[in-house]
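# Inside the fold
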Amino acid sequence: MDEARVARAVREILAAVGEDPDREGLAETPERVAEAYAHLFSGLREDPTRHLEGGFDKAARDLVLIRDVPVVSNCEHHLLPFTGKAHLAYLPNGRVAGFSELVRVVGGYARRPQLQERLTAQVADALYGALGSLGSIVVIEATHTCMTARIAETTGSVAVSVAARGVFEEDPARRAEVMALISRGV
Ligand SMILES: [Zn+2]
């Protein structure tokens, strides 16, 4: 990432909103924002599916479900954070991924200018395609700062997005079983 360019742009934003970019409290803000962006958008320079390359276990055939994986991302419409939790489920077909790998996949897609719906779909596609599973379900629940910080009536609102692939897309009964586990707790 071109951090110097981001810092120049942030300085310009500060001036444009009517601030004095040179006053004491703001003097180092452009560089701090650039540093924060380098982290928040680091997913643009990685392919998160690389975390799913190993994990062979020929006997693995039973459902894997992980609840409450933290999600920290930024909406691409306002560049403001949305935060919440992801719940991941997949039906292995001879390959499994560790918990930390799954968390890294979520993080890799989250650290980009994002849409919650696309993030949900990308993680579901990774668990289905890259991991070669028989099916996946991803549910993300998140609070969007671009809503809650700007519109008082949206305080406390939570957006829920769902993506289902493979057997969970094709078989309503299997999908309902996993959704019940996700929504009720295990
Ligand atoms: Zn937004």
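Placed above this text is the structure.
Per chain, the residues get numbers from 1 upward, laid out in the order the sequence is written. In keeping with the predicted nature of the model, local features appear solely for residues at pLDDT of at least 70, side-chain atom pairs appear and are counted solely at 80 or more, and the whole-chain, interface and lining totals rest on all residues. Remark: hydrogens and water are excluded; side-chain values derive from all non-hydrogen atoms of the structure.

For helices the rule is a DSSP run of H or I covering at least 4 residues; for strands it is a run of E covering at least 2, with both sets numbered from the N terminus onward. Within the secondary structure, V138 is located in strand β4 (residues 135-144). Separated by 19 residues in the primary sequence, V138 and L119 have C-alpha atoms spaced 9.5 Å apart. Note on contacts: a residue pair qualifies if any of its non-hydrogen atoms lie within 4.5 Å across the two residues. In this structure, V138 is in contact with H87, L88, T120, V123, A124, L127, S161, V162 and A163, ignoring residues within four places of it in sequence.

On to the pattern of salt bridges, then. Here a salt bridge means any side-chain nitrogen of Lys or Arg lying within 4 Å of a carboxyl oxygen belonging to Asp or Glu. The final tally for this structure, using the stated rule, is eight salt bridges. The salt bridge involving R111 is made with E46; its shortest N-O contact spans 3.8 Å. Of this pair, R111 sits in the loop between α3 (99-110) and β3 (113-114) while E46 sits in the loop between α2 (29-40) and β1 (64-75), and the two are 65 residues apart along the sequence. Partly exposed describes any residue whose relative accessible area lies between the buried limit of under 20% and the exposed limit of over 50%, with all areas from a 1.4 Å probe on protein chains only and scaled to the type maximum. For R111, a relative accessible area of 25% corresponds to the partly exposed category. We classify E46 as buried; its relative accessible area is 17%. The partner of R104 in a salt bridge is E101, with the nearest N and O atoms 3.9 Å apart. In this pair, R104 and E101 both sit in helix α3, three residues apart, roughly one turn of the helix. A residue is classified by how much of its surface remains accessible, and R104, at 41% relative accessible area, is partly exposed. Here the residues in one salt-bridge network are E46, R50 and R111, joined through shared partners.

What follows concerns the coordination of the zinc ion. Octahedral metal centres with six donors ideally show angles of 90 or 180 degrees, and tetrahedral centres with four donors ideally show 109.5 degrees. The coordination sphere of the zinc ion contains the protein donors C75 (SG), H78 (ND1) and C146 (SG), at a distance range of 2.2 to 2.3 Å. All donor residues of the zinc ion come from one chain, and their arrangement in sequence is C-x2-H-x67-C. Within this pair, whereas H78 is found in the loop between β1 and β2 (81-91), its partner C146 is found in helix α5 (residues 145-148), the two being separated by 68 residues in sequence. Using a relative accessible area of 8% as the deciding quantity, one classes C146 as buried. For Na, K and Ca the donor cut-off is 3.2 Å; for every other metal, N, O and S atoms count as donors within 2.8 Å. Water does not enter the count, which can leave sites looking incomplete.

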